[in-house]
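Architecture and fold: a report
These are the residues of each chain, in order.
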Amino acid sequence: NLSTTVGAVSLNSCIYNASGPKCTTKEELENIGKSFSAAILTKSSTLELRTGNPSPRYFENELGSINSMGLPNQGYQFYADLATSMQQYNKPYFISVAGLSLENNLVMLKHLNQVDNIDAIELNLSCPNVPGKPQTGYDFERTQQVLDQVCKFDRHSLGIKLPPYFDLIHFRQMADIINQYPIKFVTCVNSIGNGLVIDVNTEQVVIKPKNGFGGVGGDYIKPTALANVRQFYLLLRDDIDIIGSGGAKNGSDVFEHILCGASAVQIGTQYMREGANCFERIEKELKNLMAQKNYQSIDDFKGKLQSI
Ligand code: DHB
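Position labels on residues start from 1 in each chain and follow its written sequence. Residue-level local features of this predicted model are given only where pLDDT is at least 70; pairs of side-chain atoms are given and counted only at 80 or more, and the full residue set underlies all totals for whole chains, interfaces and linings. Side-chain metrics rest on all non-hydrogen atoms present in the structure, leaving aside hydrogens and water.

As a further point, take the environment of Leu2. Secondary structure counts use DSSP, requiring at least four H or I residues in a row for a helix and at least two E residues in a row for a strand, with both numbered from the N terminus. Within the element layout of this structure, Leu2 appears in the segment before strand E1 (4-6). Contacts between residues were defined by any pair of non-hydrogen atoms, one from each residue, lying within 4.5 Å. When sequence neighbours within four positions are dropped, the list of residues in contact with Leu2 reads Asn12, Ser13, Cys14, Glu283, Leu286, Lys287, Met290 and Ile298.

As structure tokens, this is what we get:
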């Protein structure tokens, strides 16, 4: 039994798609609906439709991915309008919101607050790819100002997606801020921002925007993702669920995220690589691993990482 909860929302399994890959168009979201993904999470949306950065803007190798998409999306109203038809898949529908300003976020959240059949909103405080727009999650004062304003729209469960942190004091500072607000879940982590992948043969960068700098995902980032899940699991209020995201491509990786404290785990780079069949495969692998270990439910091992 892989059932879990994200905030007040019940999920039949603990594995679903990360915001970003293949969740922008209606067809892509329907594909997630038809798959074993436990929920449908949209691409981060903005006030208006965006075509994003010039291509090539996504690259992968055996170790992971780098992207600088630039927030291509259909505009938040498109995702709001899909909410009712997404109900046919009998799983939660989550909308990711990534406004280019606090004002834009407030407009979107206010409108989405009136829309039925949205199960939660993942407010993205960590997009690294829009030139001139710093990641809110790396500015603690700004994060506090944003949370002061956005927590007013509370009809749908509100969660936030954070960038990875690397210093122990930063975990503590961010957790102290989040603990002051009625946030229901925290997704750890977004890509490691502004990495650089290089092709030795051509002596070139592999993506076009920002001279090749982009958000790194996949195997490259699993230890960082696990550290962030663990730290926030230990530091945040017990009623705030942690959603793991980063480097999970098989059942064992998902198990590790849950051991660190994740209530659910998102699949990003591997979903991009493999398509929606990944959800059924990873679910099976996790079930097998749990059976070997005699675990019946994810609560049997969630957060129970041991020190030596
Ligand atoms: C994009 C990338 C991100 O990591 C994110 O959180 C939001 C948007 C993008 O480039 O489209």
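Note the cis peptide between Ser55 and Pro56, where omega equals 0°. Relative to the helices and strands, Pro56 resides in the loop between strand E4 (40-41) and strand E5 (58-61). Between Cys188 and Val189 the backbone carries a cis peptide bond, its omega angle lying at 15°. Positive phi outside glycine occurs at Leu71, with the angle close to 60°.

Before going further, it helps to examine the packing of aromatic side chains. Classification of ring pairs rests on two measures: the distance between centres of Phe, Tyr or Trp rings, Trp counted by its six-membered ring, which must be within 6.5 Å, and the angle between planes, read as stacked under 30 degrees, edge-to-face over 60 and tilted in between. If you walk through the whole model with that rule in mind, you get twelve aromatic pairs. Between Tyr165 and Phe171, the aromatic rings sit 6.2 Å apart at their centres with planes inclined by 70°, giving edge-to-face as the arrangement. Think of it in three bands: residues with accessible area under 20% of the maximum for their type are buried, residues over 50% are exposed, and the middle band is partly exposed, with areas taken using a 1.4 Å probe on protein chains only. The class of Tyr165 is buried, set by a relative accessible area of 3%. With centroids separated by 6.0 Å and ring planes inclined at 65°, the aromatic side chains of Tyr165 and Phe232 adopt a geometry described as edge-to-face. Here Tyr165, found in the loop between strand E9 (157-162) and helix H6 (168-178), pairs with Phe232, found in helix H7 (residues 222-235); they are 67 residues apart in sequence, far enough to count as distant. For the pair shown, Tyr165 and Phe232 are each scored as buried.

These values are about where atoms sit, not about what they do.
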